[in-house]
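Next come the chains, spelled out residue by residue.
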Amino acid sequence: MACEAQRSGTAEPRRGRPRSEASHQAVLDATSRLLSQSSYEELTVEAIASEAGVSKQTIYRWWRSKALVVLEVMLTGDPEFEIVPMPSTGDLRRDCLSWVRSMLVEAFQETHVGMARSLVVAGLQGDAGTERLLQRASMWDHGPLAERLREAERAGELREGVDIAAAASAMGDPLIFRMLIGSAPSLSWAESLVDVVVTGLLRPAEASGSS
């Protein structure tokens, strides 16, 4: 999970008294828990407030919409927020293929596509705090894909000097773009994406020996 220093200062209060950082964190944690239990469409500011133990007015004092709350949860790298799990069988290529196949089933459901589009709009309409958060966001530094790549790095499977966030972005960003335009890629397209990225990451011996 992103460090407390990263959590703080990501969005400034737009009016009223300064926010409590404990309450701020409670809202983010509550949002993450609720999203793991229900869909984005079912999520409400009232439910977030109740789960976090704060008032609805407190949330609206700091965020203009639930989309901005969810956007901060995602951009601060909350590991509880994931659409599909990442397997770890010891074979990076196989695990990434399994992950991307599951993503094609889950991520392109109407509820996830709608959420992705809402978050993009929230980012475009956000305040100065949102803009700073977007500028220094490290979403691909965290999560199951990045952690699986780090596992391969620790096992000595990757080339020297691989940027894990860049590698995760290379695999994940094309999927997000296809979600936003409402065009689910074919399975062969997704598998080719994995093959290109993973081949570029692995040491030569590993790349030639992977199935």
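Quantities reported herein were computed from a predicted structural model and do not represent experimental measurements.

Rules used in this analysis
- Residues numbered from 1 in each chain as written.
- Predicted model: local features only at pLDDT ≥ 70, side-chain atom pairs only at ≥ 80, totals over all residues.
- Heavy atoms only, no water.
- Helix = DSSP H or I, 4+ residues; strand = E, 2+ residues; numbered from the N terminus.
- Buried < 20%, exposed > 50% of the residue type's maximum accessible area, 1.4 Å probe, protein only.
- Contact = heavy atoms within 4.5 Å.
- Areas by Shrake-Rupley, 256 points an atom, 1.4 Å probe, with all protein chains shown as cover.
- Axes fitted to C-alpha atoms, helices over the stretch in contact; angles between N-to-C directions.
- Parallel < 35°, antiparallel > 145°, perpendicular 65-115°, else oblique.
- Salt bridge = Lys/Arg side-chain N within 4 Å of Asp/Glu carboxyl O.

## Structural notes on the overall build of the protein chain
Move 1: Within the protein chain, the secondary structure is distributed over 12 helices and 0 strands.
Move 2: Overall, the protein chain shows an N-to-C arrangement of helices and strands of α-α-α-α-α-α-α-α-α-α-α-α.
Move 3: The burial tally for the protein chain puts 45% of its 211 residues in the buried class.
Move 4: Pairs at least 24 residues apart make up 72% of the contacts formed inside the protein chain by residues separated by at least 6 positions.
Move 5: Of the roughly 10,100 Å² of accessible surface on the protein chain, 53% is carried by carbon and sulfur atoms.

## Quick word on the packing of helix H6 (residues 92–106) against helix H9 (residues 143–154)
Move 1: Relative orientation of the contacting elements H6 and H9 amounts to 175 degrees, with a least axis distance of 11 Å. Our classification of the angle between H6 and H9 gives roughly antiparallel. Mapping the contact onto sequence places Leu92, Asp95, Cys96 and Trp99 in H6 and Leu145, Arg148, Leu149 and Ala152 in H9.

## Some thoughts on the environment of Ala107
Move 1: With respect to the element layout, Ala107 can be found in the loop between H6 and helix H7 (110–125).
Move 2: Exposure remark for Ala107: the relative accessible area of 1% places this residue in the buried category.
Move 3: For the pair Ala107 and Met179, spaced 72 residues apart in the sequence, the C-alpha separation amounts to 7.5 Å.

## Overview of the pattern of salt bridges
Side-chain pairs of opposite charge can arise whenever the charged atoms involved come near each other.
Move 1: In the structure shown here, the tally under the stated rule is 9 salt bridges.
Move 2: Put simply, Lys56 and Glu46 hold a salt bridge, and the shortest N to O gap is 3.2 Å. Here Lys56 is found in helix H4 (residues 56–62), whereas its partner Glu46 is found in helix H3 (residues 45–52), with 10 residues between them in sequence.
Move 3: On the basis of relative accessible area, Glu46 is assigned to the partly exposed category, the value being 44%.
Move 4: Between Arg94 and Asp91 there is a salt bridge, and its shortest N-O distance comes to 3.6 Å.
Move 5: In this structure Arg94 comes out as partly exposed when scored by relative accessible area, which is 46%.

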